[in-house]
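Residues per chain are reported as follows:
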Amino acid sequence: MNIPDTPILISYSSDEEKIDALKFSKISGYPCIKKSDVNSSLHLNYSSAFVELCDSEKNICIHIDFLSGNLAHRQQFGGGRSQSIAKAIGLKQGTPPPTVLDATAGLAKDAYVLACLGCSMTLLERSPILVELIRDAIERAKKDEHFKSIIDTGFELIEDSSIHYLNSLADTINPDIACSDIIYPDVIYLDPMYPDRKKSASVKKNMQILQTLLGKDEDTQELLDAALKVAKKRVVVKRPKGSARLSDIKPTYQVSSKNTRYDIYIIQQ
Ligand SMILES: C[S@@+](CC[C@H](N)C(=O)[O-])C[C@H]1O[C@@H](n2cnc3c(N)ncnc32)[C@H](O)[C@@H]1O
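Residues numbered from 1 in each chain as written. Predicted model: local features only at pLDDT ≥ 70, side-chain atom pairs only at ≥ 80, totals over all residues. Heavy atoms only, no water.

1. Section: the overall build of the protein chain
Within the protein chain one finds nine helices and 12 strands. Relative to the 2.2 N^0.38 estimate, which gives 18 Å for 269 residues, the radius of gyration of the protein chain is 19 Å and therefore close to what a compact globule would have. Seen along its three principal axes, the alpha-carbon backbone of the protein chain occupies a region of about 55 × 45 × 40 Å. The proportion of buried residues among the 269 residues of the protein chain is 46%. Counting only contacts in the protein chain whose residues sit at least 6 apart along the sequence, the fraction spanning at least 24 positions is 62%. Distance between charge centroids for the protein chain: 8 Å, based on 34 positive and 35 negative side chains. (Helix = DSSP H or I, 4+ residues; strand = E, 2+ residues; numbered from the N terminus. Rg over C-alpha atoms; globule rule 2.2 N^0.38 Å. Buried < 20%, exposed > 50% of the residue type's maximum accessible area, 1.4 Å probe, protein only. Contact = heavy atoms within 4.5 Å. Lys, Arg positive; Asp, Glu negative; His and termini not counted. Charge placed at Lys NZ, Arg CZ, Asp CG, Glu CD.)

Given below as structure tokens:
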């Protein structure tokens, strides 16, 4: 069992959710108590409706919802293939959507947008807390036929360090060994925690709580290096506009939108 560093509790709103909360507590190593007894800041709470990540100090709770709110709105009115993210991954009229490995799944928002654009998705996330939030959201949304049809193309969630996962994939790229059953992703998508993200009121509550839980990602250069070894067609790095690149390696080109910049590393056209 892996006992994580971040002080976080698992809680349950009522006895109905206690079994699920205890199950995750056992797997993750985080202590489990009733929500009314929580006295620490961060806790992953099992309520009757969903699993939510709460910061009681800041009075914030977040959960993932693929069927309503921002994600559903973006799916309906987000601009489809004309969105910058679609251009960044190289989505083109008349060619099949690429297979995408999202190596920094987070709250799975970008992954879901890409799935809505027809991409077969693999989601990698190293935080067991975030994996549990995504898993819960997928389970709830699966009851919806439209959601099921979107993820039918592929929406696989894997808990792992992407550096470890990608380096293991890279080890199989050996011309002397026939590995025809291994599928390498066309596109690897990276959106690591930004080191200098401000603690201002303008930082959305989702990002505030992720900052408290995860801090910053310190191994981004290693992650980019691993991605460049494995992607078949391109690596796409999402950055806040005006921020530094992940490494000294210059991207082939960039796609920009209002607040975001995508650095594109072309491996093969
Ligand atoms: C800014 S969030 C990503 C947000 C995501 N794009 C979304 O749309 O919700 C960054 C996430 O990447 C994860 N991450 C960063 N480096 C990672 C790595 N090497 N392996 C796995 N996950 C990683 C972090 O744990 C965090 O959850």
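Read on, since the account is not over.
2. Details of the state of the cysteines
One pass over the structure, following the stated rule, counts one disulfide. Left unpaired, Cys32 is separated from the closest cysteine sulfur, that of Cys54, by 14 Å. (Disulfide = S-S within 2.5 Å.)

3. Quick word on the packing of aromatic side chains
According to the stated counting rule, one finds five aromatic pairs in the structure shown. Arranged with centres 5.3 Å apart and planes meeting at 25 degrees, the rings of Phe66 and Phe147 form a pair that is stacked. One end of the pair, Phe66, is in the loop between β5 (60-62) and α2 (69-77); the other, Phe147, is in helix α6 (residues 145-151), and 81 residues separate them in sequence. Between Tyr112 and Phe155, the ring centres sit 6.5 Å apart and the planes meet at 85 degrees, which makes this aromatic pair edge-to-face. Taken as a pair, Tyr112 in helix α4 (residues 109-116) and Phe155 in strand β8 (residues 155-159) lie far apart in primary sequence, 43 residues in all. The two residues Tyr112 and Phe155 agree in class, both being buried. Ring pairing ties together the aromatic residues Phe66, Tyr112, Phe147 and Phe155, which thus form one cluster. (Phe/Tyr/Trp six-rings, centres within 6.5 Å; stacked < 30°, edge-to-face > 60°.)

4. Focus: the sheet that holds strand β6 (residues 99-102)
One key point about sheets: their strands pair by backbone hydrogen bonds, in either a parallel or an antiparallel sense. Overall, mixed pairing links the seven strands, which are arranged β8-β7-β6-β9-β10-β12-β11 in an open sheet. The sheet is open, and its two borders are formed by β8 and β11 (253-256), each paired with just one other strand. Ignoring which end each strand starts from, the neighbouring axes of this sheet average 20 degrees apart. Note that β6 and strand β7 (residues 120-125) share four bridges and pair parallel. The residue of β7 that forms the bridge with Asp102 is Leu123. Sheet strands touched by helix α5 (residues 128-141): β7 and β8. Its angle to β8, the strand with the most contacts, is close to 155 degrees. (Pairing = 2+ DSSP bridges. Axes fitted to C-alpha atoms, helices over the stretch in contact; angles between N-to-C directions.)

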